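# Structural features, examined
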Amino acid sequence: MDNNLFSRRRAERFAQLLDEANGGRRHHVRSRADEELAALVALGQQLTADRPDVEVGTEFRTGLRAMLVATAEREGIGNPAKPTTETGAAGRGSFLPAVTARRARARGAILVGVAAGAVALSGISAASENAVPGDALYGMKRSTERAQLALASSDISRGQLFLDFARTRLDEAATLRGDRIGFSAVLDDMDADTRQGVRLLTGVAAQRSDPAALDTVTTFLTGQRRAVSGMLDRDDHAERDRTRRSLALLDAIGRRATALRSAIACGLPAPTASDMLGPTPASCPGDR
């Protein structure tokens, strides 16, 4: 299975979907990646429709230009295709240049799309990073987060992103006053992001028998527990009760991280069972 979002096949399909979304001719094909790429295509359309008034810094432009030039040279974009003298029974010699040209155009379109996306994402992130539920740019903020997850290259990166998003949801919840339903909904999203991140990171720790990934979880717990506890002084008893549920989740995560560290330290094999927080380790022989 190809897990690299911008492998050649996925990148070419992404370029096709972008072209179709912008009114280009339809490509009568389907790909298993279409559903995953749909969120990025929708984000591209939103960025076009709601382009923020944000200036991209000179340093970013310079760095992006250098990256694009290097990529173009590596991929041979802009270089004329070398003619071939090979011929086959079905005219293979005349067919190869056409295929090469099409691939070069596809790579060029992908490169342009990635460049435009990079510039747009940098602007939209700056414009929407402080948006909270109910703001016009809040949906864009969440779409940008989904795009970040799609572009993450490993379970560790995705796990760290989910925990970052959980911190963001907590900041958003702290701004909500007198909105019991909205407050609870944001904490629901926060807990969901927390579980996703922890499950990925504990999974990596168990698979590699290496507690390094658990350090990220422990650091997250320290700051997040303190910040969540700060919301127990709210006037609304329902909001306090909802806050205690999030604290209970953090306590459960702390116990899981401790158990995994112990299992790794005493050399137990990777757990085969798992739950919403990831692998469920057995107890070390001396702890029974």
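Just above, that's the structure.
Calculation rules
- Residues numbered from 1 in each chain as written.
- Predicted model: local features only at pLDDT ≥ 70, side-chain atom pairs only at ≥ 80, totals over all residues.
- Heavy atoms only, no water.
- Helix = DSSP H or I, 4+ residues; strand = E, 2+ residues; numbered from the N terminus.
- Buried < 20%, exposed > 50% of the residue type's maximum accessible area, 1.4 Å probe, protein only.
- Contact = heavy atoms within 4.5 Å.
- Areas by Shrake-Rupley, 256 points an atom, 1.4 Å probe, with all protein chains shown as cover.
- Salt bridge = Lys/Arg side-chain N within 4 Å of Asp/Glu carboxyl O.
- Axes fitted to C-alpha atoms, helices over the stretch in contact; angles between N-to-C directions.
- Parallel < 35°, antiparallel > 145°, perpendicular 65-115°, else oblique.
- Expected span 1.5 Å × (residues − 1).
- Left-handed = near helix turned anticlockwise from the far one by under 90°.
- Nonpolar A, V, L, I, M, F, W, Y, C, P; charged D, E, K, R; others polar.
- Polar contact = N/O pair within 3.5 Å; in protein donor to acceptor, adjacent residues only side chain to side chain.
- Core = buried A, V, L, I, M, F, W, Y, C linked by side-chain atoms within 4.5 Å.

Let's shift gears to the overall build of the protein chain. Of the regular secondary structure elements, the protein chain holds 9 helices and 2 strands. In sequence order, the protein chain lays out its α and β elements as α-α-α-α-α-α-α-α-α-β-β. Residue burial in the protein chain is summarised as follows: out of 288 residues, 34% are buried. Considering only contacts in the protein chain between residues 6 or more positions apart, those separated by 24 or more positions represent 63%. Summed over all atoms, the accessible surface of the protein chain reaches about 17000 Å², with 52% contributed by carbon and sulfur.

Applying the stated rule across the entire model yields 16 salt bridges. A salt bridge links arginine 142 to glutamate 145; the nearest nitrogen and oxygen atoms lie 3.3 Å apart. With arginine 142 and glutamate 145 both in helix α5 (residues 138-151), this residue pair falls 3 residues apart, about one helical turn. Each member of the pair arginine 142 and glutamate 145 is classed as buried.

In this section: unusual backbone geometry. For serine 209, which is not a glycine, the phi torsion comes out positive at approximately 50°. Checked against the element boundaries, serine 209 lands in the loop between α7 (180-208) and α8 (212-229).

Before going further, it helps to examine the packing of α7 against helix α9 (residues 237-265). Axis separation between α7 and α9 bottoms out at 10 Å; the angle between their running directions is 5°. On the basis of their axis angle, the class for α7 and α9 is roughly parallel.

In a regular helix each residue adds 1.5 Å, so 14 residues correspond to 20 Å; α5 covers 20 Å between its end C-alpha atoms and thus fits that length. Of all the 14 residues making up α5, 10 are buried; the element is thus mostly covered by neighbouring parts of the structure. What α5 keeps buried is the set Tyr138, Met140, Lys141, Arg142, Ser143, Thr144, Glu145, Ala147, Leu149 and Ala150.

Turning our attention to the packing of α5 against helix α6 (residues 155-175). Interhelical geometry of α5 versus α6 gives an angle of 165° and a closest axis separation of 10 Å. The angle between the axes of α5 and α6 places the two elements in the roughly antiparallel class. α6 is crossed by α5, and the crossing has right-handed handedness. Counted together, Tyr138, Lys141, Arg142, Glu145, Gln148 and Leu149 of α5 and Arg158, Leu161, Phe162, Phe165, Thr168, Arg169 and Glu172 of α6 form the full contact between these two elements. Residue composition of the contact of α5 with α6, by class: 5 nonpolar, 2 polar and 6 charged.

The next subject is the side chain of arginine 242. As for its placement among the helices and strands, arginine 242 is situated in helix α9. Given the relative accessible area of 5%, arginine 242 is considered buried. A polar side-chain atom of arginine 242 sits 3.0 Å from a polar atom in the side chain of serine 246. Sequence-distant contacts of arginine 242, that is, excluding residues within four places in its chain, are made with Ser184, Leu187, Asp188 and Asp191.

Structurally, the position occupied by arginine 256 is in helix α9. Its relative accessible area of 14% is what places arginine 256 among the buried residues. Each residue touching arginine 256, except ones within four places of it in the same chain, is listed here: Asp275, Leu277, Gly278, Pro279, Thr280 and Pro281.

By size, the foremost hydrophobic cluster in this structure holds 29 residues, and its most contacted members are Val217, Leu250 and Ile253. When residues of this core are traced back to their parent elements, those giving at least two are α6, α7, α8 and α9. Looking at this core, the element that brings in the most residues is α7, giving 9 residues. Not counting the four nearest positions on each side in its chain, valine 217 is found in contact with Leu163, Val198, Leu201, Ile253 and Ala257. Listed in part, the 9 residues of the second largest apolar core include Phe14, Leu17, Leu37 and Ala150.

The subject of this paragraph is the environment of leucine 151. Within the secondary structure layout, leucine 151 lies in helix α5. Once the C-alpha coordinates of leucine 151 and leucine 40 are considered, the two residues, 111 residues apart in sequence, prove to be 9.8 Å apart.

Mapped onto the elements, cysteine 266 comes out in the loop between α9 and β1 (274-275). The sequence separation of cysteine 266 and serine 283 amounts to 17 residues, and the corresponding C-alpha distance is 9.4 Å.

For the rest of this paragraph, the subject is α9. For α9, which comprises 29 residues, the first-to-last C-alpha distance of 42 Å matches the rise-based estimate of 42 Å (1.5 Å per residue) to within 8%. Of the residues flanking the start of α9, the one acting as N-cap is aspartate 236, its side-chain oxygen 2.7 Å from the backbone nitrogen of alanine 238. With its phi angle positive at about 80°, glycine 267 sits one or two positions after the end of α9.

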